[in-house]
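Observations on the model geometry
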Amino acid sequence: MHSTRPLSISVIDELIQEILRINKLQSNFLADAVQTLSKSDIQLFSQYLNYCLDQQLTLGYLAKCYDLIVKDTFTQQLYFKRHGHYKHSSYAEVESLVYRNADYMSMYMYGLAITTFLWPNHAQMKQFFKEMLPKTQSGRYLEIGPGHGFHMMEAMQHSQYDQFLGIDISPTSVLLTQKILSSHYFGQFENYDIKECDFLTWEPSDQYDAVVMGEVLEHVEQPQQFLQKIAALTHGNSHIHVTTCINSPAIDHIYLFKHAQDIANMVKASGLYIKHQLLIPYQSTTLATSEQDKLPINIALILGKVDA
Ligand SMILES: C[S@@+](CC[C@H](N)C(=O)[O-])C[C@H]1O[C@@H](n2cnc3c(N)ncnc32)[C@H](O)[C@@H]1O
């Protein structure tokens, strides 16, 4: 049986109080964030928090997860400002720090899922993902780097694909994705598989009707090879959703995109083209200012495969 806690703002309020207990500086930011939550956001966020509580996590722990991302991002932003590049540039440097560090990776992924409600840029990307997701197409859905599993869960809730596959290099991400999908908290999902492997070395035998890769390109040394592999795995009608970021430091971001045009060039060189794009400037600035001042920009793309 699942928690009987009511789906209401109260569990969200309790989380906010826990965050403010350890980081008072978030006070104004979080007050604004909560104000902008829609009724359906409140419902889903409460449901996610209650799901976490059912996993024996506490709101105090979830607050620490969120705070870890806030503080790590701040530290990495200072480094980036001083040096003009991300702190790490190879997978080897971040493998043991992040992907294979179960405690850190769990906190990072729960924190990241929470930011999809509390950070306006992440909330906008989540909304774009839902809007763009084909609702009636069938076939095979592949997600590269599902991480916390929340987006994959939403794809399973809102689409009609017949088979879902998630591929993630981190054992912790594989576990978290399996947990959310098998919890039956968000639906009775059965037609899925989650594999632990590096997308680049994985040898697929199928083509895919949908490929989703959220926030992975900036985590890899050779992003173009990822896009080329996606092109090889898809056909002209496949739905391809990719997100990444520009000048956006984080502990495990190792590939620096400096301009939106760098990504557009890479997409083109990989045999793909941009159908739709969402560019989100840094808080309260324009895209031009964000680019010029090297402030973080989020980008979400719907791509098509160029006919051979
Ligand atoms: C920042 S998380 C993104 C989670 C989620 N997709 C989102 O958009 O919030 C990046 C995920 O990509 C995974 N990842 C990184 N490199 C990978 C690779 N070479 N192959 C498969 N997964 C990878 C990480 O383990 C992590 O779970």
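Conventions used here
Residues numbered from 1 in each chain as written. Predicted model: local features only at pLDDT ≥ 70, side-chain atom pairs only at ≥ 80, totals over all residues. Heavy atoms only, no water. Near = heavy atom within 4 Å. Polar contact = N/O pair within 3.5 Å; in protein donor to acceptor, adjacent residues only side chain to side chain. Helix = DSSP H or I, 4+ residues; strand = E, 2+ residues; numbered from the N terminus. Nonpolar A, V, L, I, M, F, W, Y, C, P; charged D, E, K, R; others polar. Phe/Tyr/Trp six-rings, centres within 6.5 Å; stacked < 30°, edge-to-face > 60°. Buried < 20%, exposed > 50% of the residue type's maximum accessible area, 1.4 Å probe, protein only. Lys NZ or Arg CZ within 6 Å of the ring centre and 35° of its normal. Pairing = 2+ DSSP bridges. Domains from an automatic or database assignment. Contact = heavy atoms within 4.5 Å. Buried area = accessible area lost by both parts, 1.4 Å probe. Salt bridge = Lys/Arg side-chain N within 4 Å of Asp/Glu carboxyl O.

Focus on the site of the ligand
Inspection of the region around the ligand gives 23 residues, with Gly145, His148, Asp168, Ser173 and Gly214 positioned closest. In the model, an oxygen atom of the ligand is placed 2.5 Å from a nitrogen or oxygen of the aspartate 168 side chain. Contact between the ligand and serine 173: an oxygen atom at 2.8 Å from a side-chain N or O atom of the residue. Elements that contribute at least two residues to the shell around the ligand include exactly α6 (102-118) and β2 (163-168). With three residues, α6 is the largest single contributor of residues to the shell around the ligand. Across the shell around the ligand, the residue classes tally to twelve nonpolar, eight polar and three charged.

Quick notes on the packing of aromatic side chains
All chains considered together, the criterion is met by 20 aromatic pairs. Ring plane angle 40° and centroid distance 6.0 Å describe the contact between tyrosine 48 and tyrosine 51, whose orientation is recorded as tilted. You can see tyrosine 48 and its partner tyrosine 51 sitting in helix α3 (residues 39-54), three residues apart, about one turn around the helix. Judged on exposure class, the residue tyrosine 48 and its partner tyrosine 51 are both buried. Between the aromatic rings of tryptophan 202 and tyrosine 208, the centroid separation amounts to 6.2 Å while the plane-to-plane angle is 50°, which identifies the pairing as tilted. Classification of tryptophan 202 by relative accessible area gives buried; the value is 10%. Through a chain of ring-to-ring contacts, the aromatic side chains of Phe45, Tyr48, Tyr51, Phe117, Phe150, Tyr185 and Phe186 assemble into a single cluster. Over the face of the ring belonging to phenylalanine 117 we find lysine 126, whose NZ or CZ atom lies 3.9 Å from the ring centre. Across from the ring centre of phenylalanine 199, 5.2 Å away, lies the NZ or CZ of lysine 229, which sits over that ring.

Thoughts on the pairing of strand β3 (residues 192-196)
Pairing of β2 with β3, which is carried by five bridges, proceeds in the parallel orientation. When the sheet's bridge partners are listed, phenylalanine 164 is paired in β3 with tyrosine 192.

Here's the deal with the domain arrangement of the protein chain
When its domains are assigned, the protein chain resolves into domain 1 (9-117) and domain 2 (120-305). One C-alpha centre belongs to domain 1, the other to domain 2; they are set 19 Å apart. Each partner contributes residues to the interface: domain 1 has 38 residues there, and domain 2 has 39 residues. Buried surface at the junction of domain 1 and domain 2, both sides included, amounts to about 3,500 Å², of which 64% is carbon and sulfur. Measuring nitrogen to oxygen at the nearest pair gives 3.6 Å for the salt bridge that ties arginine 100 to glutamate 196.

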